[in-house]
Amino acid sequence: MTSQRRAFARPARTHRVASLLLATALLVTIACGGNGGGDKTTGPTTTTVEGNYNLRTIDENQLPVEVYHGPWFDPVNTRFYNQRIVVVKNGVINLDDTDGWTMAFDVQVTLDDFTTQQTLSVSGSYQIDGEDIVFSTFDQDGQLSGTIKKGKISLTMDLAGSERDKAYSFAR
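Turning our attention to the overall build of the protein chain. In terms of helices and strands, the protein chain carries one helix and ten strands. Moving toward the C terminus, one meets the helices and strands of the protein chain in the order α-β-β-β-β-β-β-β-β-β-β. Burial analysis of the protein chain (172 residues in total) assigns 26% to the buried set.

Of the pockets and cavities examined, the largest pocket occupies roughly 270 Å³. Around the largest pocket sit 15 residues that line it, and Trp101, Met103, Val122, Leu144 and Met157 are the ones nearest its centre. Contributions of two or more residues to the lining of the largest pocket are made by strand 5 (100-111), strand 6 (114-129), strand 7 (132-137) and strand 8 (143-149). For the lining of the largest pocket, the class distribution of residues is nine nonpolar, four polar and two charged.

Quick look at the pairing of strand 4 (residues 79-95) now. Relative to strand 4, strand 1 (residues 51-58) runs antiparallel, the two sharing four bridges. Pairing of Gly51 across the sheet is with Leu95, part of strand 4. Here strand 3 (residues 65-74) runs beside strand 4; their pairing, made up of eight bridges, is antiparallel. Looking at the pairing, Gly70 lines up with Arg84 of strand 4. Joining the antiparallel neighbours strand 3 and strand 4 is a turn of four residues, in which Thr78 adopts a positive phi near 45 degrees. Of the strand pairs in this sheet, strand 4 and strand 5 are connected by eleven bridges, and their pairing is antiparallel.

Let's shift gears to the packing of aromatic side chains. One pass over the full model with this rule turns up four aromatic pairs. Judged by centre distance (5.9 Å) and plane angle (70 degrees), the rings of Phe105 and Tyr168 are edge-to-face. You can see Phe105 sitting in strand 5 and its partner Tyr168 sitting in strand 10 (residues 166-171), a full 63 residues away along the chain. Considered together, Phe105 and Tyr168 belong to a single accessibility category, that of buried residues.

Let's shift gears to the environment of Glu60. Along the chain, the position of Glu60 falls in the loop between strand 1 and strand 2 (61-62). Judged by its relative accessible area of 73%, Glu60 is exposed. Sequence separation between Glu60 and Ala167 is 107 residues, and the spatial gap between their C-alpha atoms is 7.6 Å.

All right, on to the side chain of Ser162 then. On the secondary structure map, Ser162 appears in the loop between strand 9 (152-157) and strand 10. Judged by relative accessible area, which is 11%, Ser162 ranks as buried.

This part takes up the pairing of strand 1. By the bridge criterion, four bridges tie strand 1 to strand 10 in an arrangement that is antiparallel. Bridging across to strand 10, Thr57 finds its partner in Ser169. Sheet topology places strand 1 next to strand 2; two bridges connect them, and they run antiparallel. Following the sheet pairing, Thr57 is matched in strand 2 by Gln62. Joining the antiparallel neighbours strand 1 and strand 2 is a turn of two residues, in which Asp59 adopts a positive phi near 50 degrees.

With that settled, consider the pattern of salt bridges. For the structure shown, the criterion picks out two salt bridges. When the shortest N-O distance is used, the salt bridge between Lys166 and Asp59 registers 3.9 Å. You can see Lys166 sitting in strand 10 and its partner Asp59 sitting in the loop between strand 1 and strand 2, a full 107 residues away along the chain. When its relative accessible area of 18% is taken as the criterion, Lys166 is described as buried. Looking at Asp59, the relative accessible area reads 35%, which means it is partly exposed.

Rules used throughout
Residues numbered from 1 in each chain as written. Predicted model: local features only at pLDDT ≥ 70, side-chain atom pairs only at ≥ 80, totals over all residues. Heavy atoms only, no water. Helix = DSSP H or I, 4+ residues; strand = E, 2+ residues; numbered from the N terminus. Buried < 20%, exposed > 50% of the residue type's maximum accessible area, 1.4 Å probe, protein only. 1 Å grid on protein atoms, 1.4 Å probe; cavity = no way out; pocket = protein on both sides within 12 Å on 5 of 7 lines; lining within 4 Å. Points joined across faces, edges and corners; volume = space filled by probe spheres on them. Nonpolar A, V, L, I, M, F, W, Y, C, P; charged D, E, K, R; others polar. Pairing = 2+ DSSP bridges. Phe/Tyr/Trp six-rings, centres within 6.5 Å; stacked < 30°, edge-to-face > 60°. Salt bridge = Lys/Arg side-chain N within 4 Å of Asp/Glu carboxyl O.

Quick look at the structure:
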């Protein structure tokens with residue numbers, strides 16, 4: 001009869017240990033947020049903005065995008081062109097860890113019948129306040145304001161000097 005008691009006692013103890021392990025696992029899962037890896041929305045996150053943001057769209061159009069097409073007077077050379085076409089092929093904004101920035105665009109410019117490939121670039125310092133970002137040039141000649149959120153920079157600007165602002169969208 002003793003052997004029968006032990007046979008029944010062992011499954012009861014196994015049942016208690018299994019219940020204790022199951023309860024412990026349940027408490028650990030609840031404490032970790034139930035997603036198996038911790039609650040990622042309240043855990044530490046990196047808010048680093050430094051790096052390259054590549055131009056994705058201009059006025060929601062995929063690159064390349066024609067940003068100007070029409071007559072143009074070149075004030076430097078005092079020359080009038082019947083047709084100036086500016087096409088943006090690529091662009092990037094680089095934000096560094098010293099609050100410096102550089103923006104560069106690869107463009108194709110046609111003046112009447114003569115076409116050239118050019119790189120337009122500008123640099124300076126930037127400041128971020130919440131989702132707002134302000135770019136200032138080193139020569140203090142200009143400022144450009146936009147938004148930065150979730151790895152995207154949105155700017156409204158007139159790249160071609162046409163007095164027509166366009167929406168530029170950059171992303172990591």
